[in-house]
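Take a look at the letters that make up each chain.
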Amino acid sequence: MEDQLNTLFATFDSEEVTFFADLILPIPVPRLFTYRVPRGMADLVKIGARVIVPFGKNNSRVMTAIVARLHNSPPTAYQARYISEVLDEYPLVTGYQLELFRWMAEYYMCCVGEVMNVALPSGLKISSQSKVQYNPDFDYPELLTEFEEVLLTELKKHPALSYEELGRLAGEGSNVPALIKSLVGKKAVIVFEEVREKYIPKMIRKVRLHTNYEEREQLLVLLNRLEKLPKQQEVVMRYLRHVPVQMNPSLNQKGLDKTILNQDDEISQSSLTTLVKNGVFETFEIIQPRFSDTLSPQVEIKLTDYQRSASENIMKQFEQQNIVLLHGITGSGKTEVYIDLIQQALASGTQVLYLLPEIALTAQIVVRLQRVFGDKMGIYHSKFSDNERVEVWKGVVSGQYQFVVGVRSSVFLPFDNLGLIIVDEEHETSYKQHDPAPRYHARDVAMMLAHWQQAKVLLGSATPSLETYYQAKLGRYGLVELFQRFGDATLPNILLVNTQQEKRQKLMKHEFSSVLYTALEMNMERKEQSILFQNRRGYSPYMQCEDCDWTAECNNCAVSLTYHQRDAELRCHYCGHKDPVPRTCPACGSTKVRTIGFGTEKLEDQLQIFFPGSRVLRMDLDTTRAKNAYQQIIQEFESGQVDILVGTQMITKGLDFDNVSLVGIFDADRLIHFPDFRATERAFQMLTQVSGRAGRRAGRQGTVLIQTANPQQPILQKIITNDYKGLFEEEIQERQDFNYPPFSRLIKLTVRHTDKITSSKAAQRLADELTDALGSSRVLGPEEPLVERIRNQFLFDILVKIERDKVNVKAVKSYIQERINDILTDKGLRQVSIIADVDCL
DNA sequence: AGCACGCCGACT
DNA sequence: GTCGGCGTGCTC
């Protein structure tokens, strides 16, 4: 039917210019979809606007799409369908963004639809809900089953019902989708899609005095009349106290928040209702922005001479360079420098984006920035609701937000006039998206954005990534260094504690060395706070039988289960699988089932035993799952009510506490010996960043104690002397020798399948084909990753190394994609999934 | 990704 | 005999 109509329209239109639109649909299919623009919509359909289209077999689905291209060449292979609706009068997606989407899809080897999917907050994607309606022309009730009768009776009573509503009405045990399908077949009901915008503006209900009573005379008459009704009189008086209508009649138009007038008593509520009924008050609704529009005081920030000269230096380098690295030690006051630069960029009329890793975007930094920038600043954070994100998006389009602080995904906001992008904590690996495609690196995307919009990029870090520092050393990026701590604060004194030796001398108290133990004790006596870092959550990572060596393992993944004491269960940190804690060994029945190793939970436990009066907080994934748990822990710790904070890497990022003078680090060796070519760099960054939490404010010099079995390791020596340059020189040599980044680009290909043989076959074939084309020095693997099975899928990794300058990366990527597609069409290997991760970390 | 179509086991 | 399992193929 639909197609017949389409054909009819097609012949009508053929004389005139007919428009076709190539649309980006939010699905992982590597092409655009061509739709026909109805004649009446020709002026409305613009590039970058969102449209609604029917999709799938018998138009069973409704989707939000973005117009990427307009043209008038009809597709030859199929009959294009019509766009059903245009959502935006003005494009919500800028030309820059479309360019960005295309670039990302190509660079990160994914589909534009996948980019669109992560780029748009889901509030901008339409939700469609199937509704069912009784067909008035239906006249064969005798054909129905009992269940169908029930549904149909309900449907006759209502104009239309959703599947969910029908499910509720039909009661338990009825298969609503199946029943509806059969009813549709019998032409008893009609199913249609109800489309609605997901974004809902926040409305608040207000009241105002009817204009009849704005004049003094009338008002007095009213009050006199209410003399015998004191409750109502009181409500009117209360309104007048908040809104001095006599002094300024225009205030009455804005009215008063209904909740203020109601206060809390029911009497005033009913009085108000009566007053509204009698036409004294009128109620109305207005849209309330979710971000309070109270303009915060604009605070002047003062730079120290040192910061001032850093800022000037950066500006000077921007004359020659598009990208500048600000290498400033922890606590050197980089934020003030950023603020200065942001103000300058805003003053010149350009937009500014300030990127922070998720965990560093805390209330601490937001409040600080808000004091300076007030409501000109937008905040884009994954913890925000969807409606809030849509408001920020629209605020950028409208120009309300010239400046946005945000996480990784804020590179997708519709900027069109960026002057400056700051990537703070530039080395942070959380800038790289791991799981759903596009597997992008926000720092690198930011650089592309800046390139297109002629904006400058400032990368900031105390421990720059080797890639970035290397570019700076080559002179491709500018470099500004800040090697003095802010105010009188000095860098903490970092000491290594030999746990091997303490164990021999039997000085260890469980996981705590005597040195750390004493330091904690003294710190508490001084009423100063301590932070303990152990990058492992849970109580202990292993549970093992002493008699037979049985170890608790996950059913679905090739990993040991972690014991969580608080919830009394064993958990898999890869798939979330949970098992009860066995009291006896499942293999041999022995009762000697022990935990091995320790996580944050165990440390917390031991602290309670050692220091019974102390107040200890734990901050890791398990204690921050609730919505505001993270903020709460930080606030509680800030308030000084807590002596010790135990945490995972979460505590290493951007937190700024005044009263912390001791940092203890456990198990540094595990970080250092991680089997990965970046392990040394990572360990340096992580340990330096945690150390930086100590002694950030004037007063005493902070102390950092690193527990290690081998204090002689060169990397530890570099950490205690804060010798970033030494680390760089050594590491960069190694990277060069083995042709790792920054001397090459890496693409990791992961092959996955439930059957190990199939998975390995596909991986082997892919690796062979790539080796043939690229040479064996450029292809590593296939190799089983550290965890060879996750969620019952067997994994194999292939690493492709491409020299930066010698090889055409684009060509290599498209060749890889060809080979992947080839394997995916192979009968025996078709259900394997192959994931490409470009610039994997 | 979702959704329909299509061919083989445990149930009214 | 059917309901429903998820393999496989397609989407303008």
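What you see is a predicted model; the values in this text were computed from it and never measured. (Residues numbered from 1 in each chain as written. Chains lettered and ligands numbered in written order. Predicted model: local features only at pLDDT ≥ 70, side-chain atom pairs only at ≥ 80, totals over all residues. Heavy atoms only, no water.)

Caption draft 1: Structural context of the nonpolar core. Residues Phe101, Val411 and Leu749 are the most contacted members of the largest nonpolar core, which totals 121 residues. Judged by nonpolar contacts, the second largest core, of 32 residues, contains Tyr338, Tyr354, Ala360 and Leu420. (Core = buried A, V, L, I, M, F, W, Y, C linked by side-chain atoms within 4.5 Å. Buried < 20%, exposed > 50% of the residue type's maximum accessible area, 1.4 Å probe, protein only.)

Caption draft 2: The arrangement of the environment of Met104 in detail. As for its position among the elements, Met104 is in helix 2 (residues 95–107). Spatially, the C-alpha atom of Met104 lies 7.2 Å from that of Val115, the residues being eleven residues apart in sequence. Met104 has contacts with Met109, Cys110, Val115, Phe412, Pro438, Tyr440 and Val445, leaving out every residue within four places of it along the chain. (Helix = DSSP H or I, 4+ residues; strand = E, 2+ residues; numbered from the N terminus. Contact = heavy atoms within 4.5 Å.)

Caption draft 3: Focus on the protein's contact with DNA strand B. Around DNA strand B, the structure places Ile27, Pro28 and Arg61. When the atoms of DNA strand B within 4 Å of the protein are sorted by group, sugar and phosphate make up 50%. Between Arg61 and DNA strand B, the recorded distance is 3.5 Å, taken from a side-chain N or O atom to a sugar or linking oxygen. (Near = heavy atom within 4 Å. Polar contact = N/O pair within 3.5 Å; in protein donor to acceptor, adjacent residues only side chain to side chain.)

Caption draft 4: The arrangement of the packing of aromatic side chains in detail. Within this structure, the stated rule accounts for 22 aromatic pairs. A centroid spacing of 5.2 Å and a plane angle of 70 degrees characterise the contact between Phe412 and Tyr440, whose relative ring orientation is edge-to-face. Of this pair, Phe412 sits in the loop between strand 16 (403–406) and strand 17 (418–424) while Tyr440 sits in the loop between strand 17 and helix 16 (442–453); the two residues are 28 residues apart in sequence, bridging distant segments of the chain. With respect to burial, Phe412 and Tyr440 carry one shared label: buried. Feature note: the residues Phe512, Tyr517, Phe598, Phe610, Phe611 and Phe666 constitute an aromatic cluster, connected by ring pairs. Residue placement shows Arg389 over the ring face of Tyr380; its charged tip is 5.7 Å from the ring centre. If you follow Lys813 out to its NZ or CZ, it ends over the ring of Tyr107, 3.6 Å from the centre. (Phe/Tyr/Trp six-rings, centres within 6.5 Å; stacked < 30°, edge-to-face > 60°. Lys NZ or Arg CZ within 6 Å of the ring centre and 35° of its normal.)

Caption draft 5: View of the UniProt feature "domain: Helicase ATP-binding" (unreviewed entry) in chain A. In this numbering, the UniProt entry assigns the feature "domain: Helicase ATP-binding" (unreviewed entry) to residues 315–482. Across residues 315–482 one finds 38% helix and 22% strand; the C-alpha atoms that close the span lie 15 Å apart. (UniProt positions renumbered as here; feature names shortened; annotations may be inferred.)

Caption draft 6: How the structure looks around the sheet that holds strand 20 (residues 493–498). Spatially, 20-30-29-21-28-27 is the arrangement adopted by the six strands of the open sheet, whose pairing is parallel. Every other strand in the sheet has two partners, leaving strand 20 and strand 27 (616–619) as the edge strands with one partner each. Sheet twist, expressed as the average angle between the axes of neighbouring strands with direction ignored, equals 20 degrees. Where strand 20 meets strand 30 (residues 703–708), six bridges bridge the pair, whose relative direction is parallel. Note that in strand 30 the partner of Ile494 across the bridge is Val704. Running over the sheet, helix 20 (residues 600–610) touches strand 21 (529–533), strand 27 and strand 28 (644–647) and is turned about 180 degrees from strand 27. Contacts between helix 21 (residues 629–638) and the sheet are confined to strand 21, strand 27, strand 28 and strand 29 (660–665), with strand 27 contributing the most and set at about 150 degrees to the helix. (Pairing = 2+ DSSP bridges. Axes fitted to C-alpha atoms, helices over the stretch in contact; angles between N-to-C directions.)

Caption draft 7: Fine view of the protein's contact with DNA strand C. Neighbouring residues of DNA strand C: 13 residues in total, closest Arg31, Thr34, Phe55, Tyr78 and Arg81. The contact in question runs from a base nitrogen of DNA strand C to an N or O atom on the side chain of Arg31, over 2.7 Å. At 2.9 Å, a backbone N or O of Thr34 approaches a base oxygen of DNA strand C. Considering each element in turn, the surface near DNA strand C owes the most residues, three residues, to strand 2 (residues 33–36). For the surface near DNA strand C, a count of residues per class yields five nonpolar, four polar and four charged. (Nonpolar A, V, L, I, M, F, W, Y, C, P; charged D, E, K, R; others polar.)

Caption draft 8: Spotlight on the pairing of strand 13 (residues 323–328). For strand 13, a buried count of six out of six residues is recorded, marking the element as mostly surrounded by other parts of the structure. Alternating residues of strand 13 divide into Ile323, Leu325 and His327 and Val324, Leu326 and Gly328, and every residue in both groups is buried. Where strand 13 meets strand 18 (residues 456–461), five bridges bridge the pair, whose relative direction is parallel. Directly across from Leu325, in strand 18, lies its bridge partner Leu459. Bridging between strand 13 and strand 19 (residues 478–482) involves five bridges; their strand directions are parallel. Across the sheet, the residue bridging to Gly328 is Leu482, located in strand 19.

Caption draft 9: Representation of unusual backbone geometry. In this chain, Ala437 is followed by Pro438 through a cis amide linkage whose omega measures -5 degrees. Take Pro438: it is sitting in the loop between strand 17 and helix 16. Cis geometry marks the peptide bond from Pro741 to Pro742; its omega dihedral reads 10 degrees. With respect to the helices, strands and loops of the structure, Pro742 is situated in the loop between helix 25 (724–737) and strand 31 (744–753). The backbone of Lys527 sits at a positive phi, close to 60 degrees, despite the residue not being glycine. Position of Lys527 among the secondary structure elements: in the loop between helix 19 (514–525) and strand 21. Residue Lys527 is classed as exposed on the basis of its relative accessible area, which comes to 66%. Here Asn722, not a glycine, exhibits a phi torsion of approximately 55 degrees, which is positive. By the secondary structure assignment, Asn722 is in the loop between helix 24 (714–720) and helix 25. For Asn722, a relative accessible area of 30% corresponds to the partly exposed category.

Caption draft 10: Expanded view of the environment of Arg526. Position of Arg526 relative to the elements: it lies in the loop between helix 19 and strand 21. Through-space distance from the C-alpha of Arg526 to that of Leu413 is 48 Å; in sequence the pair is 113 residues apart. At a separation of 3.1 Å, a polar atom in the side chain of Arg526 contacts the side chain of Asn523.

Caption draft 11: Inspection of the environment of Asp826 at higher detail. Inspection of the secondary structure puts Asp826 in the loop between helix 27 (809–824) and strand 35 (833–838). Sequence separation between Asp826 and Ala762 is 64 residues; the distance between their C-alpha atoms is 9.6 Å.

Caption draft 12: Up close: the packing of helix 7 (residues 216–225) against helix 8 (residues 230–242). Here helix 7 crosses helix 8 at 145 degrees, and the two axes come no closer than 9 Å. The two elements helix 7 and helix 8 cross, and the hand of that crossing is left-handed. Facing helix 7, whose interface residues are Leu219, Leu222 and Leu223, helix 8 presents Gln233, Val236, Met237 and Leu240. The residue makeup of the contact of helix 7 with helix 8, split by class, is six nonpolar, one polar and no charged. (Left-handed = near helix turned anticlockwise from the far one by under 90°.)

Caption draft 13: Expanded view of helix 13 (residues 334–347). Over its 14 residues, helix 13 extends 20 Å from the first C-alpha to the last, a length consistent with the 20 Å expected when each residue adds 1.5 Å. Burial analysis of helix 13 places eleven of its 14 residues in the buried class, the great majority of the element. Taken together, the buried positions of helix 13 are Lys334, Thr335, Glu336, Val337, Tyr338, Ile339, Asp340, Leu341, Ile342, Ala345 and Leu346. Remark: Gly349 follows helix 13 within two positions and exhibits a positive phi of approximately 90 degrees. (Expected span 1.5 Å × (residues − 1).)

Caption draft 14: Spatial organisation of the side chain of Arg678. Position of Arg678 among the secondary structure elements: in the loop between helix 22 (668–672) and helix 23 (679–691). For Arg678, a relative accessible area of 4% puts it in the buried group. Residues in contact with Arg678, not counting those within four places in the same chain, are Glu467, Arg735, Pro741, Leu746, Cys840 and Leu841.

Caption draft 15: The arrangement of the pattern of salt bridges in detail. According to the stated counting rule, one finds 41 salt bridges in the structure shown. Here Lys432 ties to Asp837 by a salt bridge, and the two come within 2.6 Å at their closest N and O atoms. Here the residue Lys432 occupies a position in the loop between strand 17 and helix 16, and Asp837 occupies one in strand 35, the gap between them amounting to 405 residues. By relative accessible area, Lys432 is classed as buried at 1%. According to the relative accessible area criterion, Asp837 is buried, its value standing at 6%. In this structure, Arg571 engages Asp622 in a salt bridge whose closest nitrogen and oxygen atoms are separated by 2.9 Å. Residue Arg571 is found in strand 24 (residues 569–571), and its partner Asp622 is found in the loop between strand 27 and helix 21; the two are separated by 51 residues along the sequence. Accessibility expressed as a relative area gives 11% for Arg571, which makes it buried. Taken together, the shared-partner salt bridges in this structure form one network comprising Arg537, Arg566, Asp567, Glu569, Arg571, Asp622 and Arg625. (Salt bridge = Lys/Arg side-chain N within 4 Å of Asp/Glu carboxyl O.)

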